[in-house]
Amino acid sequence: MAAPVSWLTAMLLRFGRLASYALVFALGLWAQASGTLSSMLQYSDDIRYLTLQHLELTAISGGIAIVLGVGIGIVLARRSLGIFGPVLAQIVNLGTTIPTLAILALAMTVLGLGTPPAVFGLTALTLLPVVLNTTAGLRSVPEALRDAARGMGMTPVQILVKVELPYALFVILAGVRTALAINIGTVPLAFLIGGGGLGELIFTGIDLMDPGLLLAGAIPTALLAIAVDALGAQAQYWLVPKGINPLR
């Protein structure tokens, strides 16, 4: 039964990827035909510069969120925490229950304007998917595998590194993909607190009622999200061993 399910999952993912590429192609044709593309190209230098800023914010905040999220997920997967487990999970959950602009505003009041509050706010917003998927992945490891590892004389750290994390890697990477997609889509709001990124083009376009300027920031943001998700899908396919990878 596992083979048909895995084949169906792979086919659906391929179809979704092809549909995304077709949508991007159709948007490109529309932009060319309507003259929007030529108006966007006027801001090509700004697009390049702000895209690098956008990626820098995503890399820093996303990297911090992945490291913290995996670490917290490992801790939460240990049932010996007792009452402290739900308390820690609720603290992490605050990043998604509080509105995005409220987190950025609170970070700005403490850290001032610029990159530091933007990184803090983006990290808090993207932490939860990594934590939840790490916890779920580690708790899905069959107890028989742990028992076999103990029988071979492995220490708890060796069991975690050589047995539990490789088994849970597919689920963890799914959480990382979700977190990075959220991160890239939220980075434009960092412009409101002086963090830079493609949000500068988006919000300036809204203020000036200039569709070309607005799309010069919105379309690259969407393309970045699609590209990062595609890279995450490839990482899931190639990094997770074949025996426990539902895509292979």
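Placed above this text is the structure.
What counts and how
- Residues numbered from 1 in each chain as written.
- Predicted model: local features only at pLDDT ≥ 70, side-chain atom pairs only at ≥ 80, totals over all residues.
- Heavy atoms only, no water.
- Helix = DSSP H or I, 4+ residues; strand = E, 2+ residues; numbered from the N terminus.
- Contact = heavy atoms within 4.5 Å.
- Areas by Shrake-Rupley, 256 points an atom, 1.4 Å probe, with all protein chains shown as cover.
- Expected span 1.5 Å × (residues − 1).
- Buried < 20%, exposed > 50% of the residue type's maximum accessible area, 1.4 Å probe, protein only.
- Polar contact = N/O pair within 3.5 Å; in protein donor to acceptor, adjacent residues only side chain to side chain.
- Salt bridge = Lys/Arg side-chain N within 4 Å of Asp/Glu carboxyl O.
- Bend = angle between axes of the 7 residues up to and from the residue.
- Axes fitted to C-alpha atoms, helices over the stretch in contact; angles between N-to-C directions.
- Parallel < 35°, antiparallel > 145°, perpendicular 65-115°, else oblique.
- Left-handed = near helix turned anticlockwise from the far one by under 90°.
- Nonpolar A, V, L, I, M, F, W, Y, C, P; charged D, E, K, R; others polar.
- Patch = residues over 30% accessible without salt bridge, like charges linked within 9 Å, V, L, I, M, F, W, Y side chains within 5 Å.
- Phe/Tyr/Trp six-rings, centres within 6.5 Å; stacked < 30°, edge-to-face > 60°.

Visitor: Explain the overall build of the protein to me, using residue names and the numbers behind them.
Guide: A count of helices and strands for the protein gives 10 helices and 0 strands. Overall, the protein shows an N-to-C arrangement of helices and strands of α-α-α-α-α-α-α-α-α-α. When contacts within the protein are restricted to residue pairs at least 6 apart in sequence, long-range pairs at least 24 apart make up 72% of them. Accessible surface, the protein as shown: approximately 13600 Å² in total, 74% of it carbon and sulfur.

Visitor: Give me helix α10 (residues 211-239): which residues, what numbers.
Guide: Between its first and last C-alpha atoms α10 spans 41 Å; for 29 residues at 1.5 Å apiece the expected length is 42 Å, and the two agree. Of the residues making up α10, those classed as buried are G212, L213, L215, A216, G217, P220, T221, L224, G232, A233 and Q236. If you check the start of α10, you find a side-chain oxygen 3.1 Å away from the backbone N of G212, and it comes from D210.

Visitor: Describe the pattern of salt bridges, and please don't skip the residues or the numbers.
Guide: Following the criterion strictly, the structure yields 6 salt bridges and no others. Where D45 meets R48, a salt bridge forms, and the shortest distance between an N and an O atom there is 2.3 Å. On the criterion of helical spacing, the pair formed by D45 and R48 is a turn pair, its members being 3 residues apart in helix α3 (residues 44-77). Accessibility classification places D45 together with R48 in one group, the exposed group. Of the charged contacts, one joins R146 and E143 as a salt bridge, the two residues approaching to 3.2 Å between their closest N and O atoms. Pair noted here: R146 and E143 are both in helix α7 (residues 143-151), with a separation of 3 residues, about one helical turn.

Visitor: Which residues make up unusual backbone geometry, and what values go with them?
Guide: At M209, a residue that is not glycine, the phi angle is positive and equals roughly 55 degrees. On the secondary structure map, M209 appears in the loop between α9 (199-208) and α10.

Visitor: Describe helix α8 (residues 156-186), and please don't skip the residues or the numbers.
Guide: With 31 residues, α8 should cover 45 Å at 1.5 Å per step; its first-to-last C-alpha distance of 38 Å lies more than 12% under that length. At L169, α8 shows its largest bend, some 55 degrees.

Visitor: Can you break down the packing of α3 against α10 residue by residue, with the values?
Guide: How two helices sit against one another is set out by the angle between their axes and by the gap between those axes. At a closest axis distance of 11 Å, the pairing of α3 and α10 adopts a crossing angle of 45 degrees. Taken together, the axes of α3 and α10 lie oblique to each other. The hand of the α3/α10 crossing is right-handed. In this structure, α3 contributes I47, T51, H54 and L55 to the contact, and α10 contributes A216, P220, T221 and L224. A class-by-class count of the residues in the contact of α3 with α10 yields 5 nonpolar, 3 polar and no charged.

Visitor: Go over a nonpolar patch on the surface with me, naming the residues and quoting the values.
Guide: Together, L18, Y21, L223 and I226 make up an exposed nonpolar region whose accessible area comes to about 370 Å². Elements with a minimum of two residues in the nonpolar patch: α1 (2-34) and α10. Residue position: L18 is located in helix α1.

Visitor: Give me the packing of aromatic side chains: which residues, what numbers.
Guide: One pair of aromatic rings is described through two measures. These are the centre distance and the angle between the planes. Tallying each qualifying case throughout the model produces 2 aromatic pairs. With a centroid separation of 6.1 Å and an interplanar angle of 15 degrees, the aromatic rings of F191 and F203 are classed as stacked. Remark: F203 occurs in helix α9 and F191 occurs in the loop between α8 and α9; sequence separation between them is 12 residues. For the ring pair Y237 and W238, a centre distance of 4.9 Å and an interplane angle of 80 degrees mean the geometry is edge-to-face. What makes W238 exposed here is its relative accessible area of 58%.

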